[in-house]
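# Remarks on the overall topology
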Amino acid sequence: MAEDSDLERTEPASSRRLEDARNKGQVPRSQELVTFAVVMSGLVAFLSNGPALYQTLQNIMVANFRFDHATVSDPRLMHDHFVVACRQALTALTPIFISCAVAAMAAPILFGGWLFTFEPISPNFTRMNPATGIKRMFSIRAVVEMGKAILKSGVIGGVAAAVLWREREQFLQLIMMPPDNGLLYLWQMIRFTLLMVAGSMILLVAVDVPYQLWDYHKGLRMTKEEVRQESKESEGDPQVKGRIRQLQREAARKRMMAEIPKADVVVTNPTHYAVALKYTEQMRAPKVVAKGAFLLAERIIDLARDNKVSIVRTPPFARALYHHAELGEEIPATLYTAAAEVLAYIYQLKHWHSYGGLEPSLSDELPVPAELDPGAVDE
């Protein structure tokens, strides 16, 4: 059962999978949204340029249905008249064409984002497989597309029929109206009908856009095994990463141990914590060159003892250094005074061993702020 659940596509697509799909040209698209945008933009442009368009087309009709003997008898003149009429008509219709073209390009970009790739048109012979084509014909997607087509026909046809039925009496009265008034009323009726039909497409868009988004992300769902495999590929195998971290820690520990013979003093707790300090005249403050707890602290102490590095038992100072001083960095400013007393004691101790005299001593109460000492532990 667990293996079956791992093979089911229940996990949402990862960002990497979405990016791969996008690079292959797979982005959510809504044909209904594009159709609605093109129709509405074309209709708005048509209504905005209606009077000018009407006047231009009227002039073309008047000019080209007025014949004289010279034009009729000369095919070249008839051709020139035809070319001029076509040019004038195209010029008048250009704003509508441009608005439709802009809408056709802008709608997909707003919905699925900008994408430029040749992947969808690259040769793919699996698309020519008849079995795959038959499978697509009887798939759930095909059923949904058929339902959308039926809904589209019903909505658009129903709205158009309802509008025309509402205006049926006025439509019949057009026969009795003067031509100018009749054409004006017919134009108003056509404009209202077109707006209602185009507006009804909003219902199709409201249904299609969420469905396309859901279907797109559903098709890119992943199995749990695919998620785990992708995680290994992108982040690396956890076992390998663990081994790398272990090797890094061992290398850092070796570098740290190599610095202990160069230290001036190792302060201890005495066995729970051990911190090695080094100070030279070029340094602004003493630096922590090694630190550890429990077994590592014992190794630091043993290595310091073997290399004749001074070892000082200062529990509060050792605890404060271990918890608040970073390896390879200077100690906190609040511990300068305590470190100065320890280092002064070490220098005095070396002088006593070399020249004798009064044996130096270190105060049991070093100036360690209470907030830096996490508290005494069993020693």
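In the block above lies the structure referred to throughout.
First, a word on what this report is: a plain description of the structure on this page. Since the model is a prediction, treat every value here as computed from it, not as a measurement. (Residues numbered from 1 in each chain as written. Predicted model: local features only at pLDDT ≥ 70, side-chain atom pairs only at ≥ 80, totals over all residues. Heavy atoms only, no water.)

## Thoughts on the overall build of the protein
Going by this rule: Where helices and strands are cited, they refer to DSSP runs of H or I of at least four residues and of E of at least two residues respectively, numbered from the N terminus. Only protein chains enter the calculation, and the probe is 1.4 Å; a residue is then buried if its accessible area is under 20% of its type maximum, exposed if over 50%, and partly exposed in between. Residue contacts are counted whenever heavy atoms from the two residues lie within 4.5 Å of one another. Every accessible area reported is derived by Shrake-Rupley at a probe size of 1.4 Å, with residue values counting cover from the shown protein chains alone.
Helix and strand counts for the protein come out as 15 helices and 4 strands. Of all 379 residues assigned to the protein, the portion counted as buried reaches 30%. Residue pairs in contact within the protein that sit at least 24 positions apart in sequence constitute 75% of those at least 6 positions apart. Surface accessibility of the protein: about 25,200 Å² in total, with carbon and sulfur atoms responsible for 62%.

## Quick look at the sheet that holds strand E2 (residues 273–278)
Rule in force here: For two strands to be treated as a pair, DSSP must find no fewer than two bridges joining them. Axis definition: a line fitted to C-alpha atoms, limited for helices to the stretch in contact. Angles are taken between N-to-C directions and run from 0 to 180 degrees.
Strand order in the open sheet formed by 4 strands is E3-E2-E1-E4, and the pairing between neighbours is mixed. Where the open sheet ends on each side, the last strands, each with one partner, are strand E3 (287–293) and strand E4 (310–313). On average, each strand axis in the sheet is tilted by 20 degrees relative to the strand beside it, whichever way the strands run. When E2 meets E3, the two strands line up antiparallel, connected through 6 bridges. Each bridged residue has a counterpart across the sheet, and for valine 275 the counterpart in E3 is lysine 291. Contacts from helix H14 (residues 315–324) reach strand E1 (265–268), E2, E3 and E4, with the element oriented near 80 degrees to E2.

## Overview of the packing of helix H4 (residues 50–64) against helix H6 (residues 75–112)
In plain terms, the rule: Throughout, the term roughly parallel applies to angles under 35 degrees, roughly antiparallel to angles over 145, roughly perpendicular to angles from 65 to 115, and oblique to all others.
Two elements in contact, H4 and H6, have axes whose closest approach is 10 Å; the angle formed by their N-to-C orientations is 170 degrees. As judged from the angle between their axes, H4 and H6 are roughly antiparallel. Contacts between H4 and H6 involve Leu53, Thr56, Ile60 and Asn64 from the first element and His81, Phe82, Ala85, Gln88, Ala89, Ala92, Leu93 and Ile96 from the second.

## Digging into H6
The condition is simple: One fewer than the residue count of a helix, multiplied by 1.5 Å, yields its expected span. Here the bend at a residue means the angle between the axes of two seven-residue stretches, the one that ends at it and the one that starts at it.
With 38 residues, H6 ought to run about 56 Å at 1.5 Å a step, and its terminal C-alpha atoms sit 52 Å apart, in line with that. At leucine 93, H6 shows its maximal bend, which comes to roughly 45 degrees, and the proline proline 95 appears one to four places after that position. Buried within H6 are the following residues: Ala85, Ala89, Ala92, Ile96, Ser99, Ala103, Ala107, Pro108, Phe111 and Gly112. One or two positions beyond H6, positive phi appears at glycine 113, with a value near 85 degrees.

## Looking at the pairing of E2
Burial runs high along E2: 5 of the 6 residues are buried. The hairpin formed by E1 and E2 contains 4 residues between the paired strands.

## Things to note about the nonpolar core
Soluble globular proteins tend to bury their nonpolar side chains together. Cut-off, in case you're wondering: Take the buried residues of types Ala, Val, Leu, Ile, Met, Phe, Trp, Tyr and Cys, join any two whose side-chain atoms come within 4.5 Å, and each joined set is a nonpolar core.
Among the nonpolar cores identified, the biggest contains 24 residues, and Val265, Val267, Leu277, Phe317, Leu321 and Leu335 are the most heavily contacted of them. Of all elements in the fold, only E1, E2, H14 and helix H15 (336–355) reach the threshold of two or more residues within this core. With residues near it in sequence (within four places) discarded, valine 265 still touches Val275, Ala276, Leu277, Val309, Ser310, Val312, Val342, Leu343 and Ile346. Of all hydrophobic cores here, the second largest spans 15 residues; its members include Ile260, Ala263, Ile300 and Val309.

## Points about the packing of helix H3 (residues 31–48) against H4
Each packed pair of helices is defined by two parameters, the angle between the axes and the distance between the axes. Quick reminder of the rule: Classes in brief: Ala, Val, Leu, Ile, Met, Phe, Trp, Tyr, Cys and Pro nonpolar; Asp, Glu, Lys and Arg charged; the others, Gly included, polar.
For the pair H3 and H4, interaxial distance at closest approach is 4 Å and the crossing angle is 70 degrees. Between H3 and H4, the angle is such that the two are roughly perpendicular. Together, Phe46, Leu47 and Ser48 of H3 and Gly50, Pro51 and Leu53 of H4 make up the contact between the two elements. Classifying every residue of the contact of H3 with H4 by side-chain character gives 4 nonpolar, 2 polar and no charged.

## Brief notes about a positive patch on the surface
The test is simple: Residues with no salt bridge and a relative accessible area higher than 30% make up the patches, which join like charges within 9 Å and nonpolar side chains (Val, Leu, Ile, Met, Phe, Trp, Tyr) within 5 Å. Between Lys or Arg on one side and Asp or Glu on the other, a salt bridge is scored when a side-chain nitrogen of the former is within 4 Å of a carboxyl oxygen of the latter. Positive: Lys, Arg. Negative: Asp, Glu. His and the chain ends are not part of the count. In plain terms, the charge of a residue is placed at NZ if it is Lys, CZ if Arg, CG if Asp and CD if Glu.
A contiguous patch of positive charge, built from Arg245, Arg249, Arg253 and Arg299, is present on the exposed surface. Top element by residues in the positive patch is helix H12 (residues 238–259). It accounts for 3 residues. Structurally, arginine 245 is set in helix H12.

## Some words on the environment of tyrosine 336
Note that tyrosine 336 resides in helix H15. We classify tyrosine 336 as partly exposed; its relative accessible area is 30%. For the pair tyrosine 336 and proline 286, spaced 50 residues apart in the sequence, the C-alpha separation amounts to 8.1 Å.

## Side note on the packing of aromatic side chains
Counted only if it meets this: Pairing of aromatic side chains requires ring centres within 6.5 Å, counting the rings of Phe and Tyr and the six-membered ring of Trp. Pairs whose planes differ by under 30 degrees are stacked, by over 60 edge-to-face, and all others tilted.
Evaluation of the coordinates by the stated rule reveals 2 aromatic pairs. Residues tyrosine 211 and tryptophan 214 carry aromatic rings whose centres are separated by 6.1 Å and whose planes lie at 35 degrees to one another, so their mutual orientation is tilted. In this pair, tyrosine 211 and tryptophan 214 are both assigned in helix H10 (residues 179–219), 3 residues apart and thus about one turn of the helix distant. The interplanar angle of 35 degrees and the centroid separation of 4.6 Å between the aromatic rings of tyrosine 273 and tyrosine 322 together place this pair among those described as tilted. Here tyrosine 273 is found in strand E2, whereas its partner tyrosine 322 is found in helix H14, with 49 residues between them in sequence. Residue class for tyrosine 322 comes out partly exposed when judged on its relative accessible area of 23%.

## Quick look at the pattern of salt bridges
Scanning all chains against the criterion turns up 3 salt bridges. Glutamate 259 is paired through a salt bridge with lysine 262; the nearest N and O atoms lie 3.8 Å apart. According to the relative accessible area criterion, glutamate 259 is partly exposed, its value standing at 29%. Among the residues examined, lysine 262 registers a relative accessible area of 47% and is labelled partly exposed. With its nearest N and O atoms 3.0 Å apart, the salt bridge here joins arginine 284 to glutamate 330. Of this pair, arginine 284 sits in the loop between E2 and E3 while glutamate 330 sits in the loop between H14 and H15, and the two are 46 residues apart along the sequence. The exposure class of glutamate 330 is partly exposed, given its relative accessible area of 30%.

By themselves, these are just geometric observations and shouldn't be taken as functional.
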